[in-house]
Amino acid sequence: MLRRAFLFCVLLVLSAQADLFNDLSLFGGAPLFQISEWDRPNFNARNAAGTSESLEKDREPLGPDYKDPNPAGTEDKPVVAAPPQEKDKPVLIPKKENQGPKQPANIPAVGMGGGIVDINANPGGFPSFASPFGPDFEFPPLPLPSLERPAGSFGIGGLFGIDEGSKWWKGKNVCIEREESTDDDTDDGKKDEDGKNKTESSEEPNFFATSIRLSNCFETENKYECVTRINNHGVVKTFTVRYKCCYGFKRTSDGCTKQVDLKPVLQTLDDLKLDEFRGLIKSSGLDGNFEASNFTIFVPSDIAIHEYNERLNDMNRVDPARRRRALNALSSKDLVLSHTVDGFVELADLENEATLESEDNKKSTIRINVYPTHSYEKMLTANCARLRKGNILAENGIIHIVDRVITPASERIEEIVKNNPKLTSLAKALENSDILKHLKADGHYTIFAPTDEAFSKLDETQRQKLLNGGSCASNILKHHIVAHTVCSSAIIGNATTHNVDGVVLNMERTVDDELTFEGKAKITQADLIGTNGVIHLIDSLVIPESGQYIGNVIKTHNYTKFQELVEKAGLTEELNNFDNATVFIPSDQAFENPETIKLLEGIGNDQSKLQQLVRYHVIDGEVESTDMSNDMKIPTKDAGKELRVNLYSTLPLFTNVINRATINCARLTGFDEKVCGSIVHEVNRVLAPPTKNILEIIQDNEKYSTLRELLNGTEVEKVLQQNNRSITFLAPTDETFALLEDKDLKMLKENKEKAEEVLRNHVLTEVLCCAGVGPHTWGFNSYVPTMGNQRVEVGRTGNQIHVNRAVVTSCDTVAVNGVLHTINKVLAPKKAPVTSVGGGFFFFDL
């Protein structure tokens, strides 16, 4: 029994692996990821010449005029032949224009409350791997569990080739759509600026000279779709075969067996008791139109139309002119036609951010959005009106019921801002900034638009700077713009999204049904629809840190000691007016360092020296951490005195991964905080400009008298006084030299050649700050080359830094040509290697 169970498990594993990964061997090696069994797709990537008979009988027919390409190595081009048509299946005529396969909406994982409302307008697929079809080829995305079940769901029968049930798409009343496109097709043969075809890729050569097929099939509630891409001697073609229930039939457990009793559109509206919209059609004289043609109608419920009329009446009581403008803009006929789209549009065919053209005179836009909900279901909106019921079929159309009257979109959001009397300040600020040129006509944006009242809450100086497009204007305005459509109905409880700078934005719907933005502003009017997005009016302007003056950021982050230093130096206004600068701000703990206390006591109340100290923490240009390089020297606003940047890897297993940065050996503990006109980094020490080279530091310190004597007249002495160097010197004190045997110390003092050899071993050929020394890990040693053509081992154990067998007793005395550390042991040159029994060798100190 146990043996049978074991064999069964082996077969289970082998079958699962063979099904998913056997074809990926074409691309070299095993995949880097594994997909859960519920979501696993069916991969088929094979050379056309080697396609087996078993695959041949199961594969999808690509098209009536398609024949497999010749095997690799033949010189003939593919021959087109017409395979026999399937007689028992109606076939829809494919679209004339070439287009890629349609993909289901990519619904992201849902977060707490309303979840994440970031929806990718161009849903992607699997992580990319080396492909003969180029970097742009992606599989259709996998659906979320409980939303759509993939084709061929994983089961025991599937492992052993046992049919677990009939395939509904092989049954009756199934229509097939086929699409074919060639990647090197271009519009009218147009070429890009470089004279190459638009689809040509010069990024990487195509090494596949054979014919390769890669397929993927997936199933949703309404369709079964297979996408096949074939690379035939460098010509890539994409075939899409889509199975759907024919119009008038619906899916059941047995397939497309349920036939819908279809009636004309107008009669269907009557049966659905959509009396208000039906009355508008009749009063507008549009009955004949809806009887003669095919339409898809987004129909507001009766309650929605009543609420719309009440809003118009309220407007009439408050401002008759506004009501007249609204009625002139949207007559009863226009209202009906602005909800109507030509042809048959089923919800399953619509992706997020899809746009439809309505039948009104302005050909206004209806934008479809798909959002996740806390129950893992889809929420669909049409111009931000929520779809309550969809895909109601009629003889000559499809009806979708929405919960409000759809506002026709005929203006871009920039034009809406410009023409709205409540947004004059925002319009001026946008005009004077560089934002408008980045808004595309075919984009999909959301603007949380501060009203004139919101601008009036700012102090007059800041308001004028913002209106005139000052240095902070762009950062502040971009904080209110999202690069996808966020309808108010998508905000359920708490929800998050990202603005165009990638900063997380928080939105909330309160228990009182009020909408808030960033917890500071209230949405006073939602869902002003434009052709390229939506606008929500808010009552307060939200100033992000990237839009705040540096003085405000120093206060909010509790850099109290540095703030006191700035105020004492009288530079608060200068800091706030910085444009395109980088500031290194010491933490409050940095001011407790004894050397810093001594430095500030020496400066006292000398305002000129205080200003020099503050300006030494500021450089021109916005330098982010990613812009820094090792041994980079940056002039500061303190008369050009330089800061030295050093980058280190302190990870024993990943020596090429830079994970630590220092500025004058002060560790960078916080970085890349964007403020108005500047970037802020936090450091753990107060930065003071070095004034001496390493030799001058040694000469001025009494504890290095023996070292000075040994250096005198050597080449090392010349190196230590060269200001253009970037080195580290490990300096033994007089006490350290006194620990040597008398004969050894005497030899060093009398033999300059021997002293030179020993001193060279104390000069490291790079700047090594104590913060750049990683932990000592057994089996992984870090070595640094010396001027003596040897290497010393460095490592950190607890708070102690070791260099070979010496301990660093004083760290990071910064010089103009590097850094000096004090050590407690003389580093003698290593002896010649002694061969060990195992064939290796050991080094020993003298």
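Computed from a predicted structure; not experimentally measured.

Turning to the packing of helix H18 (residues 594-603) against helix H19 (residues 607-615), a few remarks are in order. It is the contact of H18 with H19, at a shortest axis distance of 9 Å, that shows an interaxial angle of 140°. Each of Leu599, Leu600 and Ile603 in H18 lies in contact with H19, whose residues at this interface are Lys609, Leu610 and Leu613. Within the contact of H18 with H19, the residues separate by chemical class into 5 nonpolar, no polar and 1 charged.

The next point concerns the sheet that holds strand S29 (residues 678-683). Spatially, the 7 strands line up as an open sheet ordered S24-S23-S29-S28-S27-S26-S25, and their pairing is mixed. The open sheet is flanked by strand S24 (618-620) and strand S25 (632-635), the only strands paired with a single partner. With strand direction ignored, the average angle separating the axes of adjacent strands in the sheet is 35°. Here S25 pairs with strand S26 (residues 642-648) via 4 bridges, running antiparallel.

Per-residue confidence for the protein chain gives a mean pLDDT of 78; residues scoring 70 or more make up 73%. Low confidence marks residues 66-113, where pLDDT is under 50. Its contacts with residues over four positions away, or in another chain, come to 110 contacts. Across residues 323-328, where pLDDT falls below 50, the model places 7 contacts with residues more than four positions away in sequence or in other chains.

Next up on the list: a nonpolar patch on the surface. Where nonpolar side chains cluster on the molecular surface, the patch consists of Leu651, Phe654 and Val657 and spans about 250 Å² of accessible area. By the secondary structure assignment, Leu651 is in the loop between S26 and strand S27 (660-663).

With that out of the way, let us pick up the nonpolar core. Soluble globular proteins tend to bury their nonpolar side chains together. Within the largest apolar cluster, 29 residues are counted, with the highest numbers of intra-cluster contacts made by Val417, Leu426, Phe455, Leu466, Ile535 and Leu541. Those elements giving two or more residues to this core turn out to be helix H10 (413-419), helix H11 (424-431), strand S16 (445-450), helix H13 (460-467), helix H14 (473-478) and strand S22 (533-538). If near-sequence neighbours (up to four positions away) are discounted, Phe455 is found in contact with Ser425, Leu426, Ala429, Pro450, Arg463, Leu466, Leu467 and Leu541.

This part is about the sheet that holds strand S10 (residues 340-342). Spatial strand order, S10-S9-S15-S14-S13-S12-S11: 7 strands in an open sheet with mixed pairing. Either end of the sheet is taken by a strand with one partner, and the two such strands are S10 and strand S11 (354-357). Each strand axis lies, on average, 30° off the axis of its neighbour in the sheet, ignoring direction. Of the strand pairs in this sheet, strand S9 (residues 295-300) and strand S15 (residues 397-402) are connected by 6 bridges, and their pairing is parallel. Counted as the bridge partner of Phe298 is His400 from S15.

All right, on to the pairing of strand S3 (residues 174-182) then. With respect to burial, S3 is a largely interior element, 8 of its 9 residues being buried. Direction of pairing for S3 relative to strand S6 (residues 235-245): antiparallel, over a ladder of 9 bridges. The residue bridging Val174 from the neighbouring strand is Cys245, located in S6.

A few words on the environment of Ile550. Looking at the element boundaries, Ile550 is found in helix H15 (residues 550-556). As for Ile550 and Asn576, which are separated by 26 residues in sequence, their C-alpha atoms are 5.5 Å apart. Once residues lying within four places of it in the same chain are set aside, the contact partners of Ile550 are Leu575, Asn576, Val583, Val675 and Val680.

The rules behind each value
- Here the residue numbers are simple positions, counted from 1 along each chain's written sequence.
- At least 70 in pLDDT is required for a residue's local features to be given in this predicted model, at least 80 for side-chain atom pairs to be given and counted, and no such filter applies to totals for whole chains, interfaces and linings, which use all residues.
- Water and hydrogen atoms were dropped before computing side-chain values, which therefore reflect all heavy atoms in the structure.
- To obtain each axis, a line is fitted to C-alpha atoms, and for helices this fit is confined to the stretch in contact; angles are then taken between N-to-C directions over 0 to 180 degrees.
- Counting from the N terminus, the helices are the DSSP runs of H or I reaching at least four residues and the strands are the DSSP runs of E reaching at least two.
- Contacts were defined at the residue level, with two residues in contact if any of their heavy atoms lie within 4.5 Å.
- Three categories are distinguished: nonpolar for Ala, Val, Leu, Ile, Met, Phe, Trp, Tyr, Cys and Pro, charged for Asp, Glu, Lys and Arg, and polar for the others, with Gly belonging to the last.
- Paired strands, in this sense, are two strands between which DSSP finds at least two bridges.
- A residue's pLDDT is the confidence the predictor assigns to it, expressed on a 0 to 100 scale.
- Exposure above 30% relative accessible area and no salt bridge define the residues that can form patches, which grow by joining like charges within 9 Å and nonpolar side chains of Val, Leu, Ile, Met, Phe, Trp and Tyr within 5 Å.
- Method for areas: the Shrake-Rupley scheme with a 1.4 Å probe, in which residue coverage is limited to the protein chains shown.
- A pairing counts as a salt bridge when a side-chain nitrogen of Lys or Arg comes within 4 Å of a carboxyl oxygen of Asp or Glu.
- As used here, the term nonpolar core means buried Ala, Val, Leu, Ile, Met, Phe, Trp, Tyr and Cys residues forming a set that is joined through side-chain atoms within 4.5 Å.
- Relative accessibility thresholds used throughout: buried, under 20% of the residue-type maximum; exposed, over 50%; partly exposed, between the two (1.4 Å probe, protein chains only).

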